[in-house]
Amino acid sequence: MQAHSTPTSISISAGPRDPQWIDRLKEEYTALINYIKNNKSEDNDWVKLEPANKECTNWKGKCWVVHNLIRYEFDFQFEIPPTYPLAPIEIEIPSLDGLTPKMYRGGKICIDIHFAPLWQKNAPKFGIVHALQLALAPWLAAEIPVLIEEGKIKKD
C-alpha cells in the first residue's frame, strides 16, 4: 500500500443533502475508478469498495495488507456524514474493534491527529478516495503489522 499518485481533487462542494450530490458522486466515482486502476497497474491493489445503499451515503468494502508474505483481509465500512465534504469520513473496521488504542468504539480508525487536520485544510476538494489513500492506507500500514506481531490478529 504505497501512496504513489495523488488522487484527483473533487471540484463540486456538495454533500448528501445538497441538490448537486449526484454531480459530486460522479466525480467521486471517477476519482475512485482512476485510483483503483492506477493501483492495479502499479501492482499495488489493496482495496475494493462499493455503495451499500442507493443514495451512496453508506459504503462497504474490503481492504488487505500483506505482511510476511501472508495476506490479511478486512471488511470496512463508512457513512458519508451529513456535513460532508466539510466533515471527514470515519472509516470503521468492525473486526478490529478494541484491538488497538488507535481505534475508537465501533472499530473507527483514529484520524484525529494526522488525517482530520489535512481534511479540514483541503475540504471540499477531498473525497472518498482521499480518505482511502491518506487515512485508511497509512493506518493499515502502521497498525496491522503491530497487531500481527502482538498476536492480536491471526491468519485462519
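Going by the structure above, here's the rest.
Described in the following lines is the structure provided in the data block. What you see is a predicted model; the values in this text were computed from it and never measured.

Quick notes on the rules
- Residues numbered from 1 in each chain as written.
- Predicted model: local features only at pLDDT ≥ 70, side-chain atom pairs only at ≥ 80, totals over all residues.
- Heavy atoms only, no water.
- Helix = DSSP H or I, 4+ residues; strand = E, 2+ residues; numbered from the N terminus.
- Rg over C-alpha atoms; globule rule 2.2 N^0.38 Å.
- Buried < 20%, exposed > 50% of the residue type's maximum accessible area, 1.4 Å probe, protein only.
- Contact = heavy atoms within 4.5 Å.
- Areas by Shrake-Rupley, 256 points an atom, 1.4 Å probe, with all protein chains shown as cover.
- Lys, Arg positive; Asp, Glu negative; His and termini not counted.
- Charge placed at Lys NZ, Arg CZ, Asp CG, Glu CD.
- Phe/Tyr/Trp six-rings, centres within 6.5 Å; stacked < 30°, edge-to-face > 60°.
- Lys NZ or Arg CZ within 6 Å of the ring centre and 35° of its normal.
- Pairing = 2+ DSSP bridges.
- Axes fitted to C-alpha atoms, helices over the stretch in contact; angles between N-to-C directions.
- 1 Å grid on protein atoms, 1.4 Å probe; cavity = no way out; pocket = protein on both sides within 12 Å on 5 of 7 lines; lining within 4 Å.
- Points joined across faces, edges and corners; volume = space filled by probe spheres on them.
- Nonpolar A, V, L, I, M, F, W, Y, C, P; charged D, E, K, R; others polar.
- Core = buried A, V, L, I, M, F, W, Y, C linked by side-chain atoms within 4.5 Å.

## A word on the overall build of the chain
Item 1. Counting secondary structure elements, the chain contains three helices and five strands.
Item 2. Its C-alpha radius of gyration of 15 Å places the chain within 12% of the 15 Å reference for a compact globule of 156 residues.
Item 3. Counting only C-alpha atoms, the chain reaches 50 × 35 × 30 Å along its principal axes.
Item 4. Within the chain, buried positions represent 43% of all 156 residues.
Item 5. In the chain, the proportion of contacts linking residues at least 24 apart, taken out of those at least 6 apart, comes to 51%.
Item 6. With the model as given, the accessible surface of the chain reaches about 8600 Å², and the carbon-plus-sulfur share is 52%.
Item 7. If you average the places of the 18 positive and of the 20 negative side-chain charges in the chain, the two averages end up 1 Å apart.

## As for the packing of aromatic side chains
Item 1. Going through the model one piece at a time under the given rule, you end up with seven aromatic pairs.
Item 2. With a centroid separation of 5.7 Å and an interplanar angle of 50°, the aromatic rings of Tyr-29 and Trp-59 are classed as tilted. With Tyr-29 in helix α1 (residues 21–41) and Trp-59 in strand β2 (residues 58–67), this pair connects stretches of sequence that are 30 residues apart.
Item 3. The ring centre of Trp-64 lies 4.0 Å from the NZ or CZ of Arg-71, which sits over that ring.
Item 4. One residue, Lys-155, lies across the ring of Tyr-72, its end atom 6.0 Å from the ring centre.

## Quick notes on the sheet that holds β2
Item 1. Reading across from one edge, β1-β2-β3 is the order of the three strands in this open sheet, with antiparallel pairing throughout. One side of each edge strand has no neighbouring strand; the edge strands of this open sheet are β1 (47–51) and β3 (70–79). Direction aside, the axes of adjacent strands within the sheet are offset by 15° on average.
Item 2. Two strands pair when backbone bridges link them, and β2 and β3 are joined in this way by 10 bridges, in the antiparallel orientation.

## A look at the layout of surface pockets
Item 1. Estimates place the volume of the largest pocket at around 260 Å³.
Item 2. In terms of lining residues, the largest pocket is bounded by 13 residues, among which Cys-110, Ile-111, His-114, Pro-138 and Trp-139 are the most central.
Item 3. Residue contributions to the lining of the largest pocket peak at six residues, all from helix α3 (residues 128–149).
Item 4. Split into classes, the residues belonging to the lining of the largest pocket amount to 10 nonpolar, one polar and two charged.

## Overview of the nonpolar core
Within soluble globular proteins, side chains that are nonpolar generally end up buried alongside one another.
Item 1. In terms of nonpolar packing, the biggest core is built from 44 residues, with Trp-46, Phe-76, Ile-93, Ile-128, Leu-136 and Ile-144 touching the most fellow members.
Item 2. Ranked by residues supplied to this core, first place goes to α3 with 12 residues.

## Some words on the pairing of β2
Item 1. Bridge count between β1 and β2: five bridges; the pairing is antiparallel. Bridged to Lys-48 within β2 is Lys-62.

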